[in-house]
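Below are the chains, spelled out letter by letter.
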Amino acid sequence: MTGRSLGDEPQEQVAAPMVSIVLTTYNRPAGLRTTIEDLLQQSYSDFELIICDNSSPDPETSAICRDAAARDSRVRCLRQPINIGQPANLNSGIRMSRGNYLAITHDADRYDPDLIQSWLEALLSCPGALFVFNQYGVLDELDRVTHIHKENLSSCNEGKSIIREFHRRWQFDSPVWGTVMAQRQALLEEGLFDIQYGFFADIDMWLRLAERGHVAYVPRPLIRLANSSKWPNKFTIRSSERRRIVRRIFFRSRVRVYRNRPLALASQLLRHIFFCLLSEIYVSLLAIRRWAHSQL
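Below, the structure is looked at part by part. Every value quoted in this text rests on a predicted model; they were computed, and no experiment measured them.

1. Remarks on the packing of helix α5 (residues 159–167) against helix α7 (residues 201–212)
Close contact between α5 and α7 brings their axes to 7 Å; oriented N to C, the two are set at 145 degrees. Note on packing geometry: the crossing formed by α5 with α7 is left-handed. Along the contact surface, α5 presents Gly159, Lys160, Ile162, Ile163, Phe166 and His167, while α7 presents Ile203, Trp206, Leu207, Ala210 and Glu211. Tallied by class, the residues present in the contact of α5 with α7 amount to 7 nonpolar, 2 polar and 2 charged.

In structure tokens form, the structure reads like this:
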């Protein structure tokens, strides 16, 4: 279903920007306001900002979008008539975008003023790179950085090295979070984000793009991730459901990558089964530990 663009009256055709920033939001008006300010104050200015509201029940979200569009001609707002889920909301913004490069951002995260410039330089410096990501700072409830996620990667990496990094993780976590800049055409050629994976559709996309090209990396914490306590209720998901979805993504990735190498595929599938068992044991031990502490 396609959302309605707010305040998007007919106007003269203008040249497409180099970068399209798609900002997805749902029911976090305070976080949305600060994120918009971070993005509009970027050192690189040749961009459009498409704010995709996933039918937030709070009317303040729409008011913030309209105000941003009135203040800055680079801003366009799209409101979904019903909540269509994170990947479908993101896809709608990508379809509206016009830039050669697509920056994916989320409400309530905080962005360095050189984020877009750094991402763009990293992609241009890495021939064949289809997307770029970076180090991430993690915020606590008081918006203090408590941890920085770092990867041991070069500025320009073959896609297969990124895939190996994914496949070696026995807890099925992702080195890449949901905020990246990608070649817009590559996203379109992949058919955009697969809505069957819900909140974890980005993991599937990074794996698919890494199969096709290089991946750039910026070894600086350009993004500070919102604390999970600020996530809207719609973003919550049971741990068992999360494990099932992510394991399916990893399984299908292994099959695609090794389908023409039977022995390697067999080895990878055995590894996948072992990792599933290992992670289940780990989850069970954590549950036992929590129960034991509750009895004290």
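2. Digging into the nonpolar core
Judged by nonpolar contacts, the single largest core of 75 residues is most densely connected at Val19, Trp119, Met181 and Trp206. Every residue in contact with methionine 181, bar those within four places of it in the chain, is listed here: Val19, Tyr101, Leu102, Ala103, Ile116, Trp119, Leu120, Leu123, Leu130, Phe131 and Val132.

3. Section: the environment of glutamate 121
Assignment of secondary structure puts glutamate 121 in helix α4 (residues 115–124). When the C-alpha atoms of glutamate 121 and glutamine 196 are compared, they prove to be 33 Å apart, with 75 residues separating the residues in sequence. Of note is the side chain of glutamate 121, whose polar atom sits 2.8 Å from the side chain of glutamine 117.

4. As for the state of the cysteines
Going through the model one piece at a time under the given rule, you end up with 1 disulfide. Two residues share a disulfide in this structure: cysteine 126 and cysteine 156, whose sulfurs sit 2.0 Å from each other. Since a negative S-S torsion denotes a left-handed disulfide, the cysteine 126-cysteine 156 link at about 70 degrees is right-handed. Here cysteine 156 lies in strand β9 (residues 156–157) and cysteine 126 lies in the loop between α4 and β7 (129–139), a separation of 30 residues in the sequence. A relative accessible area of 29% places cysteine 156 in the partly exposed class.

5. Details of α5
An α-helix turns once per 3.6 residues; consequently, residues spaced three or four apart project the same way. Looking only at α5, the buried set comprises Gly159, Ile162, Ile163, Glu165, Phe166 and His167. Buried residues along α5 sit against β9, α7, β11 (214–225), α8 (239–258) and α9 (262–294).

6. Looking at the packing of α5 against α8
Two elements in contact, α5 and α8, have axes whose closest approach is 11 Å; the angle formed by their N-to-C orientations is 140 degrees. Considering their axes alone, α5 and α8 lie oblique with respect to each other. Our pair here, α5 against α8, has a crossing hand that is left-handed. For the pair α5 and α8, contact is made by Ile163, Phe166 and His167 and by Phe250, Ser253, Arg254, Val257 and Tyr258, respectively.

7. Observations regarding α7
With 12 residues, α7 ought to run about 16 Å at 1.5 Å a step, and its terminal C-alpha atoms sit 17 Å apart, in line with that. What α7 keeps buried is the set Ala201, Asp202, Ile203, Asp204, Met205, Trp206, Leu207, Arg208, Leu209 and Ala210.

8. Some words on the pattern of salt bridges
Taken as a whole and assessed by the stated rule, the structure comprises 23 salt bridges. Here arginine 247 makes a salt bridge to glutamate 280, at a shortest N to O gap of 2.8 Å. Here arginine 247, found in helix α8, pairs with glutamate 280, found in helix α9; they are 33 residues apart in sequence, far enough to count as distant. For arginine 247, a relative accessible area of 14% gives the class buried. Among the ionic contacts, a cluster of salt bridges with common partners joins Glu151, Glu165, Arg168, Arg169 and Asp173.

9. Considerations on the packing of aromatic side chains
Aromatic ring pairs are defined here through the distance separating the ring centres and the angle between the ring planes. The final tally for this structure, using the stated rule, is 10 aromatic pairs. Here phenylalanine 172 and phenylalanine 250 contribute two aromatic rings whose centre-to-centre distance is 5.3 Å and whose plane-to-plane angle is 90 degrees, an arrangement assigned as edge-to-face. Residue phenylalanine 172 is found in the loop between α5 and β10 (181–183), and its partner phenylalanine 250 is found in helix α8; the two are separated by 78 residues along the sequence. For phenylalanine 172, a relative accessible area of 3% translates into the label buried.

Thresholds, definitions, all that
Counting from 1, residues in each chain are numbered in the order their sequence is written. With the structure being a predicted model, the display of local features is reserved for residues of pLDDT at least 70 and the display and counting of side-chain atom pairs for 80 or more, all residues being used for whole-chain, interface and lining totals. Remark: hydrogens and water are excluded; side-chain values derive from all non-hydrogen atoms of the structure. Helix axes are fitted only over the stretch in contact, all axes being lines through C-alpha atoms; the angle between N-to-C directions runs from 0 to 180 degrees. In this description a helix means any DSSP run of H or I spanning at least four residues, a strand means any run of E spanning at least two, and both kinds are numbered starting from the N terminus. By definition, turning the near helix anticlockwise from the far helix through less than a right angle yields a left-handed crossing, and turning it clockwise yields a right-handed one. The contact rule is simple, with two residues in contact once any of their heavy atoms fall within 4.5 Å. Charged residues are taken to be Asp, Glu, Lys and Arg, nonpolar residues to be Ala, Val, Leu, Ile, Met, Phe, Trp, Tyr, Cys and Pro, and polar residues to be all remaining types, Gly included. We define a nonpolar core as any set of buried Ala, Val, Leu, Ile, Met, Phe, Trp, Tyr and Cys residues linked to one another through side-chain atoms lying within 4.5 Å. Each residue is placed in one exposure class: buried if its accessible area under a 1.4 Å probe, protein chains only, is under 20% of its type's maximum, exposed if it is over 50%, and partly exposed if it falls in between. N or O atoms within 3.5 Å of each other form a polar contact, as long as, within protein, one can give a hydrogen and the other can take it, and as long as residues adjacent in sequence are counted only when both atoms are side-chain atoms. Disulfide: a pair of cysteine sulfur atoms within 2.5 Å of each other. Working rule for angles: under 35 degrees goes down as roughly parallel, over 145 as roughly antiparallel, 65 to 115 as roughly perpendicular, anything else as oblique. Here the expected span of a helix is defined as 1.5 Å times the quantity of residues minus one. Salt bridge, as applied in this entry: a Lys or Arg side-chain nitrogen positioned within 4 Å of an Asp or Glu carboxyl oxygen. In this scheme Phe, Tyr and Trp rings, the latter by its six-membered ring, pair at centre separations within 6.5 Å, and the angle between planes marks the pair as stacked below 30 degrees, edge-to-face above 60, and tilted otherwise.

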